[in-house]
Amino acid sequence: MKTLVLIFLTISMPAVANEYRVKNAYISKQLTLKQAQFDLNTVNHSGNLCQLEGSIQQGRWHDGEGCEVRFQFTGNRVHISIPDAATDACRQYCGLNADFVGEYHALPTACQQQAVAQMEQQFKTAYQQKRYPQAAQIKQRYLNQCQDFLHIVDEMRTRNDLAISYKNTGNLAACRRVLQPIAHHIQPTSHPFEPSMLYKEAYQREVKHARFNQRVCQ
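Definitions and cut-offs
- Within every chain, residues take consecutive numbers counted from 1 along the sequence as written.
- Where local features are concerned, this predicted model is filtered to residues with pLDDT of at least 70; where side-chain atom pairs are given and counted, the filter is 80 or more; whole-chain, interface and lining totals use all residues.
- As a rule here, side-chain values come from all non-hydrogen atoms in the structure, and water together with hydrogens is ignored.
- Working definition: a disulfide is two cysteine sulfur atoms within 2.5 Å of each other.
- Numbering goes from the N terminus for both helices and strands, where a helix is a DSSP run of H or I of at least four residues and a strand is a run of E of at least two.
- Of the grid points, spaced at 1 Å and generated over the protein atoms alone, those admitting a 1.4 Å probe that cannot get out make up cavities, while open sets with protein on both sides within 12 Å along at least five of seven lines make up pockets; any residue with an atom within 4 Å of a point is treated as lining.
- Grid points are joined across faces, edges and corners, and a volume is the space filled by probe spheres set on the points.
- For helices, the fitted line uses only the C-alpha atoms of the stretch in contact; every axis is such a line through C-alpha atoms, and the angle between N-to-C directions lies from 0 to 180 degrees.
- Handedness of a helix crossing follows the sense of rotation of the near helix relative to the far helix, less than a right angle counterclockwise being left-handed and clockwise being right-handed.
- We call two residues contacting when some pair of their heavy atoms lies within 4.5 Å.
- Classes in brief: Ala, Val, Leu, Ile, Met, Phe, Trp, Tyr, Cys and Pro nonpolar; Asp, Glu, Lys and Arg charged; the others, Gly included, polar.

Draft legend 1. Summary view of the state of the cysteines. Per the counting criterion, the structure on display carries 4 disulfides. Between the sulfur atoms of C67 and its disulfide partner C90 the distance amounts to 2.1 Å. In this structure, the disulfide formed by C67 and C90 twists by about 105° around the S-S bond and is classed as right-handed. Of this pair, C67 sits in the loop between strand 5 (60-62) and strand 6 (68-74) while C90 sits in helix 1 (residues 87-90), and the two are 23 residues apart along the sequence.

Here's what the structure looks like:
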């Protein structure tokens, strides 16, 4: 896999958000835009990566060596595609079976990096000061707004924070309810989920926390 940066003259671009993601809890596909400049980073189920950056001209980027990437802007979405003839040439920017094709959705403001950092600090402060109803409110609002864009580890971490906050308010029913969507990760099944090595440790840590939260919320 190689990364290539090509700089072209900036052209007129539609007004767009600057952070986009594909809605999928088990892979990561992120697009960042700054005027005509783009940065694409993806990670597939197996932990293999794609990385590509450059400048968009007339809805396209190409490396002069056969790889061409097309960007179609529609509302708050960007559809990224590769012509069939460019498939082999574009593989050099990706690991095994990884790709950057897909429908990317603009991240809500609350889900963007700076806002998430602020939310986490607000939650931490409220929780440490034992203002548990406020802590739960902060995480519940974040989950409601950003759930579609969260990787499975981030979703589990958010639900664990929310569950223990609800538990500390005495609302055990809410604690159990917020853990229910990840119940198949908490309890072993006949076909257990196998995380990639990139996030296996973090995933196992959240499973452990979720099992503890499930017990104390009974």
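Having seen the model, we can carry on.
Draft legend 2. Geometry of the layout of surface pockets. Computed from the structure, the largest pocket encloses a volume of approximately 560 Å³. Around the largest pocket sit 29 residues that line it, and R21, S28, Q30, H151 and D154 are the ones nearest its centre. Contributions of two or more residues to the lining of the largest pocket are made by strand 1 (19-21), strand 2 (28-34), helix 2 (113-128), helix 3 (132-146) and helix 4 (152-169). Among the elements that take part in the lining of the largest pocket, strand 2 stands out by supplying 5 residues, more than any other.

Draft legend 3. Structural view of the packing of helix 5 (residues 172-179) against helix 7 (residues 200-216). At a closest axis distance of 9 Å, the pairing of helix 5 and helix 7 adopts a crossing angle of 145°. Crossing geometry of helix 5 relative to helix 7 is assigned as left-handed. Taken together, the residues of helix 7 that come into contact with helix 5 (itself represented by L172, C175 and L179) are A210, N213, Q214 and V216. Looking at the contact of helix 5 with helix 7, its residues break down into 5 nonpolar, 2 polar and no charged.

Fair warning: the whole summary comes from geometry, so function is off the table for now.
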